[in-house]
Amino acid sequence: MSEIMERAAAKINLSLDALYVHADGLHEWEMVMTCVDLHDTIRLTPRADGRIRVRTDSLFLPEDSRNLAYRAAVLLQQRYAPDAGVTIDIEKHIPVSAGMGGGSADAAAVLRALNRLWQLGLDRAVLARLGLTLDSDVPFCVYSETALVTGRGEIIHPLGQTPDCWVVIAKPPVPVSTPQILNEAARPERLPHPDTQRVIAGIQTQNLPLMAGGMGNALETITEDKIPEIRRIRQKMRQFGALTAQMTGTGPTVFGIAATHSRAQRIYNGLRGFVPEVYVVRPLKRQTKEVTAE
């Protein structure tokens, strides 16, 4: 098979709740996640020498074992195709270190694409289980569908498509230390909690205001205390007409939900000049069925 291409879609957290911390220090999550039509492009080309090579157009990404896409390829090669080689070219569009799962999305895209390129015949549940050994967001990114995600990120309950809406994404140029944020979230009982069931009900009934009314991110106040720009971006999004606005992941990216393209464009215009990276996107629309990647 010659070169193949796979899209790696960015994710956002419609709700993110930290329920408790396991004895091993990992959080028990309850999240509603979806993907948007902002994506990296992954191109895979077979190699005859059995080597794995990653190339990227981003100056901010490593091209060795620190890259999740590289590690995903090594994982499949070692388990299923020890003599196969591949060159992986990553064209980046998802903001780096943004809380949008860019690295996990790239790794998941590599798992899907190599499954085709090397004709492994693995179903997505198997790929998701393998992906969990790379990062907790990879199982969700394998499916790239709106879902309730629980456990340590490995249990996926697809929910169907979100209500029709537009999403305005804004990433301030500030770094966030995910380990530091998670360390400060070690007492989940002290954190605010979204109404996850309301978010799910809004999706299942295609009721956008209901979905938006339940949204939230339990980690938002922790990151906002370190990066006040996040709070200002959320306030500006609401000022310009967003139904709701919140941080995704551990930040620093903020997104706002708009019912119409014209309202999304108004929010976008209001943020330009205030935030250097702003995007207007839509949630991906796909049919789903329930799966558990345990």
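Here is what the cut-offs are and how they apply
- Residues numbered from 1 in each chain as written.
- Predicted model: local features only at pLDDT ≥ 70, side-chain atom pairs only at ≥ 80, totals over all residues.
- Heavy atoms only, no water.
- Phe/Tyr/Trp six-rings, centres within 6.5 Å; stacked < 30°, edge-to-face > 60°.
- Lys NZ or Arg CZ within 6 Å of the ring centre and 35° of its normal.
- Core = buried A, V, L, I, M, F, W, Y, C linked by side-chain atoms within 4.5 Å.
- Buried < 20%, exposed > 50% of the residue type's maximum accessible area, 1.4 Å probe, protein only.
- Contact = heavy atoms within 4.5 Å.
- Helix = DSSP H or I, 4+ residues; strand = E, 2+ residues; numbered from the N terminus.
- Salt bridge = Lys/Arg side-chain N within 4 Å of Asp/Glu carboxyl O.
- Expected span 1.5 Å × (residues − 1).
- Arc of directions from axis to C-beta.
- 1 Å grid on protein atoms, 1.4 Å probe; cavity = no way out; pocket = protein on both sides within 12 Å on 5 of 7 lines; lining within 4 Å.
- Points joined across faces, edges and corners; volume = space filled by probe spheres on them.
- Nonpolar A, V, L, I, M, F, W, Y, C, P; charged D, E, K, R; others polar.

A. Local environment of the packing of aromatic side chains. As enumerated under the stated definition, the model contains zero aromatic pairs in all. If you follow K236 out to its NZ or CZ, it ends over the ring of F274, 5.1 Å from the centre. In this structure, R282 packs its charged tip against the face of W166, placed 4.1 Å from the ring centre.

B. The arrangement of the nonpolar core in detail. Formed by 97 residues in total, the largest nonpolar core has its most connected members in L14, L44, I88, L114, W118 and M237. Among residues more than four places away in sequence, those in contact with L114 are L44, A73, L76, V86, Q119 and L120.

C. Here's a closer look at unusual backbone geometry. For the bond running from G251 to P252, omega is 5 degrees, close enough to zero to count as cis. Take P252: it is sitting in the loop between β9 (244–247) and β10 (254–258). Positioned with a positive phi, S97 is a non-glycine residue whose angle comes to about 55 degrees. Assignment of secondary structure puts S97 in the loop between β4 (85–91) and α2 (102–117). Positioned with a positive phi, Q206 is a non-glycine residue whose angle comes to about 55 degrees. For Q206, the location among the structural elements is in the loop between α6 (196–204) and α7 (208–214). Here Q206 falls in the partly exposed class, since its relative accessible area comes to 41%.

D. Seen up close, the environment of K92. Inspection of the secondary structure puts K92 in the loop between β4 and α2. For K92, a relative accessible area of 13% corresponds to the buried category. Measuring from C-alpha to C-alpha, the distance between K92 and L61 comes to 9.4 Å, with 31 residues separating the pair along the chain. Setting aside chain neighbours within four positions, we find K92 in contact with D40, T56, D57, S58, L61, G102 and D106.

E. The pattern of salt bridges, seen in detail. Scanning the model with the defined rule gives 17 salt bridges in all. The partner of D89 in a salt bridge is R55, with the nearest N and O atoms 2.7 Å apart. Of this pair, D89 sits in strand β4 while R55 sits in strand β3 (residues 52–56), placing them 34 residues apart in sequence. Note that K226 and E184 form a salt bridge whose closest N and O atoms lie 2.6 Å from each other. Residue K226 is located in helix α8 (residues 220–226), and its partner E184 is located in helix α5 (residues 178–184); the two are separated by 42 residues in the primary sequence.

F. Region of interest: helix α9 (residues 228–239). In this model α9 runs 17 Å from its N-terminal to its C-terminal C-alpha over twelve residues, within 8% of the 16 Å that 1.5 Å per residue would give. Along α9, the residues that are buried comprise I230, I233, R234 and M237. Down the axis, α9 shows its buried residues gathered within 100 degrees of arc, on one side only. Each element contacted by the buried residues of α9 is listed here: β7 (166–171), α8, β9, β10 and α10 (261–271).

G. Structural view of the layout of surface pockets. Of the volumes computed, that of the largest pocket is approximately 1,200 Å³. The wall of the largest pocket is formed by 42 residues, among which G101, S104, D135, D137 and T178 lie closest to the centre. Going through the elements one at a time, β1 (4–21), β2 (27–47), α1 (68–80), α2 and α5 are the ones with two or more residues in the lining of the largest pocket. Ranked by the residues each element gives to the lining of the largest pocket, the list is headed by α2, at four residues. When its residues are assigned to classes, the lining of the largest pocket shows 18 nonpolar, 16 polar and eight charged.

H. The environment of T45, seen in detail. Following the sequence through the fold, T45 ends up in strand β2. Through-space distance from the C-alpha of T45 to that of W118 is 11 Å; in sequence the pair is 73 residues apart. Not counting chain neighbours up to four residues away, the residues in contact with T45 comprise E3, G85, V86 and T87.

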